[in-house]
Every structure is written in C-alpha cells, then in structure tokens.
Amino acid sequence: MTDARAPEPADWSYETAAVQSAIPRGLGQTIGFPIHAAAAFQFDTLEQAQAEFGQNTGLSYARLQNPTVRALEERLTTLEGGAATVTVASGQGATLTAILSVCRAGDHVVSASSLFGGSTGLLSNILPLMGISATLTENTPAAIRAALRPETRLVWAEMISNPAGDIADIRAFADIAHEHGALLAIDNTCGGVGFLCRPLAHGADIVAQSLTKWAGGHGSVLGGAVTVGTRHDLTRNPIFTEGGEASILNMRGDAALAWRQRWLGAHQLGMTLAPHSAFLIAQGIETLPLRLTRESETALALARWLSEHPKVGTVSYPGLSGHPHHTLAQTYLRGGQGAVLTFEVPDPSAFLSRVRVLRMAPNLGDVRTLVVHPWTTTHGRVPEAARYAAGVTPLTIRMSVGVEALADLQADIEQAL
Ligand SMILES: *Cc1c(COP(=O)(O)O)cnc(C)c1O
C-alpha cells in the first residue's frame with residue numbers, strides 16, 4: 001500500500017485532529033474512512049509472505065491488522081497524545097489487554113475502588129483465575145501507596161469514575177507507581193478520548209478506554225482501545241527483561257509495550273475490532289468535541305438546578321463546588337467536567353416509569369440522555385457497603401446527559417418528579 005498522506009501538523013488542535021487525522025489526501029481518496037471488509041490480504045511472492053509472517057507489521061490476516069482499524073488507531077494515538085494504540089472489540093477487552101500486558105501469574109495490581117462494575121469484576125473475579133491478584137482501595141495517593149506490594153506491576157484508576165465522579169490524581173499516582181517500578185494505567189472512558197483530559201500528558205503510562213461511550217456516541221457500536229505513552233520504564237518488570245539478548249525489551253526497544261498489547265489483544269486473544277465498528281467509531285469521534293462540550297454545559301446546568309430542587313436529594317457532579325474532587329477536576333479537566341451526574345429522587349421506580357424524553361438504558365455518552373437506577377441494575381451485584389462507597393444509594397439515579405435542549409430535559413425531569 002502506498003501512503004498518500006501529507007504529514008499531519010503536530011500542533012493541530014483537538015477539534016481539527018478529530019476530523020482531519022488519519023485521512024489520506026489526494027486524487028480520488030475518500031473523504032472519511034473507507035471500510036475494508038476483508039478477512040485476509042494477498043501476497044504476490046512467497047518472499048513477501050515470509051517477510052510479513054516474520055514481522056507482522058503489514059497486512060496478512062485481519063485478526064492482526066486491517067486498514068480501517070489501523071486508521072482509527074492512528075487517530076486515537078493522535079487524540080490521546082500517545083505513541084501507539086491497539087483497538088479491541090470492547091472496553092472490557094481493553095482493560096484485560098492493558099492489565100495482561102504488564103502482569104502475569106504472581107503479580108499484583110492496585111486499583112482505586114471507585115470503578116466501572118466490569119472492571120471490578122475482572123480485577124476481583126477473573127484475573128485471580130490467572131494468578132494475578134488485585135487490591136481495591138480508596139481513590140487517594142496515600143491509600144494507593146499503602147496497598148503496594150513488591151510484586152505490584154500496575155496501578156489502575158478511572159479518570160472520572162462512574163458514577164461517583166471521582167477524579168484520579170494522575171500526577172501523584174504516576175509518581176507513586178514509578179518510584180515502585182510499576183506503571184500507571186488510566187481508564188479514560190469518561191475523559192472522552194483525550195478531549196476532557198489526556199492522562200499520558202500528566203504522567204500515566206497507559207490509557208485504556210471504552211470506545212462504546214463518547215467515541216461512538218450514538219449507542220450503535222462497541223469498541224475499546226489501549227494507548228501507550230512515549231516514555232515508560234519496563235526495566236523492573238521481568239516480563240520484559242528476562243531472557244537477556246532475546247528479551248522483549250531487547251528485541252522491541254521503545255515499542256515493547258505497544259507490541260505486547262497488540263500481540264495479546266488482537267493476535268493471541270482475538271478480541272480484534274471489526275472494520276465496520278472502526279468506521280462508526282472514527283465517524284463518531286469527528287463530532288465528539290461538539291457533543292461533549294454541549295453535554296458538559298447541560299450537565300452543569302442540570303446539576304445546579306437539581307441541587308436547588310426541593311424534591312431532589314444529594315446531587316453529585318465534579319463541576320459542583322461541593323463535590324469532594326472539584327479541585328482535582330479543575331486541575332485535570334479542560335473543556336468541561338463531563339456528561340455524567342447522579343441525583344437522588346424520592347421514588348426511583350415511579351420517576352423512571354414517568355420519563356418521556358429521558359430513556360432508561362445502561363449506556364453512557366449517547367447523544368440521547370440516558371438514565372439508570374444503579375442500586376438494582378449496574379451495581380446490583382456489588383456488595384452494599386461498596387455501593388455506598390461508589391456514591392450509589394437506593395434513591396440514586398445516574399444520568400448520562402445527551403445533546404437535547406436543556407429546557408426539554410428540565411421539563412421532563414420536573415413532570416417525572
Ligand atoms: C463501559 C465502560 C467500560 C467497558 O466498556 P465496554 O465497551 O462496555 O466493554 C470500561 N470502563 C468504563 C469507565 C466504562 O464506562
């Protein structure tokens with residue numbers, strides 16, 4: 001394949017890169033991402049085939065690489081300010097890929113406990129089956145430091161936690177992890193593909209995220225991605241150093257971590273993202289800055305309005321000055337404080353049966369405003385004390401704000417209350 005792309009200006013703003021990056025220029029080139037519906041790619045000569053099977057850097061079999069998927073990966077790398085990205089079929093697959101890339105049997109992960117339910121499940125139930133243990137602790141530097149063990153390889157936290165809106169103190173977590181010879185991975189799903197926050201710029205080594213939410217943006221596709229930064233120290237992790245001359249670090253150099261993530265997530269575990277999904281996600285990203293700016297403005301207006309409402313209990317949103325992580329939100333977030341808030345209503349069942357604009361569904365980041373009752377659904381299997389710790393009570397409604405008119409959302413909430 002010839003690459004007709006003009007060099008991309010390194011100083012493009014987010015909005016420009018979201019629509020311009022990874023699209024070739026030239027006569028007859030498509031505007032937008034073409035979908036390469038292909039399971040395999042041809043060779044002319046046996047020498048070409050042998051070279052490709054040795055290197056795995058070009059096109060052979062689509063579990064390993066596809067041009068549509070590769071273009072999305074380039075765009076994600078640009079938007080997160082990283083060195084390389086591998087996409088997989090879901091956010092859950094991205095979490096698994098990120099953790100297995102630096103941990104094996106006997107290793108340990110420390111994670112902030114205010115987490116997406118699927119991540120709690122992986123850390124508490126699935127990784128132990130592979131001999132990898134995890135400690136879930138308070139979302140503070142002191143608690144993270146206290147939970148470290150000699151065999152800790154990874155610290156994990158969510159940029160903006162779902163649903164409590166805790167903000168990871170990335171700089172502090174990175175320093176603690178690095179002093180220990182471990183890496184810091186941030187789940188940036190609610191950071192909107194680097195739009196609200198770029199964790200790699202604050203010291204994180206790995207960004208994992210669900211592309212199902214703000215990237216896709218229209219409730220129409222599942223996907224996930226793992227992006228690595230340009231600098232990370234792997235010299236204290238035996239996965240990368242053992243074997244001397246033949247070690248991963250020696251063979252792959254600066255690309256060792258990205259290589260291992262692609263090898264695990266796509267080649268070996270087969271969680272490859274489909275090209276049609278890559279197309280939908282790439283197209284969704286093009287309007288992400290517009291959507292998330294507006295959604296954040298509406299979320300802040302609703303949070304303030306709900307805080308004053310006589311029928312509404314506790315309102316939690318990091319953009320409110322009373323939120324425990326409001327200062328961290330101002331340190332790390334640009335362009336808004338996100339689209340997710342929670343509020344307590346007197347009778348959640350009655351409220352949810354009366355809504356006419358809001359829709360009850362468990363997704364986030366949709367253009368439509370979606371609500372759920374976390375206590376009995378998304379967090380239903382989480383132990384009760386942990387539910388309270390995650391900011392979920394029996395009266396809590398979680399809302400992912402869409403792009404509808406503020407007045408229509410307010411009128412709907414008012415009549416449903
Ligand atoms: C949804 C979500 C995931 C998992 O993503 P899927 O695409 O549903 O597999 C991971 N982390 C966070 C914060 C999420 O909201």
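Residues numbered from 1 in each chain as written. Predicted model: local features only at pLDDT ≥ 70, side-chain atom pairs only at ≥ 80, totals over all residues. Heavy atoms only, no water.

As annotated in an unreviewed UniProt entry, the protein carries the name Aminotransferase class V-fold PLP-dependent enzyme and comes from Deinococcus arboris. Per UniProt, the comment on the protein under Cofactor (unreviewed entry) is "pyridoxal 5'-phosphate". UniProt's Sequence similarities (unreviewed entry) comment on the protein is quoted here verbatim: "Belongs to the trans-sulfuration enzymes family." (UniProt positions renumbered as here; feature names shortened; annotations may be inferred.)

S.K.: When you look at the sheet that holds strand β10 (residues 359-360) in this model, what are you seeing that I'm missing?
M.R.: Where strands meet in a sheet, backbone hydrogen bonds hold them as pairs that are either parallel or antiparallel. With mixed pairing, 5 strands are arranged side by side in an open sheet as β8-β9-β12-β11-β10. Where the open sheet ends on each side, the last strands, each with one partner, are β8 (315-316) and β10. Inspection of the sheet shows strand β11 (residues 370-372) paired to strand β12 (residues 396-400) by 3 bridges, in the antiparallel sense. Looking at the pairing, Leu370 lines up with Ser400 of β12. (Pairing = 2+ DSSP bridges. Helix = DSSP H or I, 4+ residues; strand = E, 2+ residues; numbered from the N terminus.)

S.K.: Would you mind going over the UniProt feature "modified residue: N6-(pyridoxal phosphate)lysine" (unreviewed entry) in the protein with me for this structure?
M.R.: Under the present numbering, the feature "modified residue: N6-(pyridoxal phosphate)lysine" (unreviewed entry) in UniProt falls on Lys213. You can see Lys213 is positioned in the loop between β6 (206-210) and β7 (224-228). Setting aside its immediate chain neighbours within four residues, Lys213 contacts Phe116, Thr189, Asn363, Leu364 and Gly365. (Contact = heavy atoms within 4.5 Å.)

S.K.: For this particular structure, what's the right way to read empty space enclosed by the protein?
M.R.: In this approach a probe as big as a water molecule rolls over the atoms, and the regions it shows empty are the leftover space. In this structure the tally under the stated criterion is 4 cavities of 30 Å³ or more. There is about 80 Å³ of room inside the largest cavity. What lines the largest cavity is a set of 15 residues, and nearest its centre among them are Ile160, Cys190, Gly338, Ala339 and Val340. Considered class by class, the residues forming the lining of the largest cavity number 10 nonpolar, 5 polar and no charged. The two domains that each donate at least three residues to the lining of the largest cavity are domain 1 (14-276) and domain 2 (288-416). Counted as a void, the second largest cavity has a volume near 60 Å³. (1 Å grid on protein atoms, 1.4 Å probe; cavity = no way out; pocket = protein on both sides within 12 Å on 5 of 7 lines; lining within 4 Å. Points joined across faces, edges and corners; volume = space filled by probe spheres on them. Nonpolar A, V, L, I, M, F, W, Y, C, P; charged D, E, K, R; others polar. Domains from an automatic or database assignment.)

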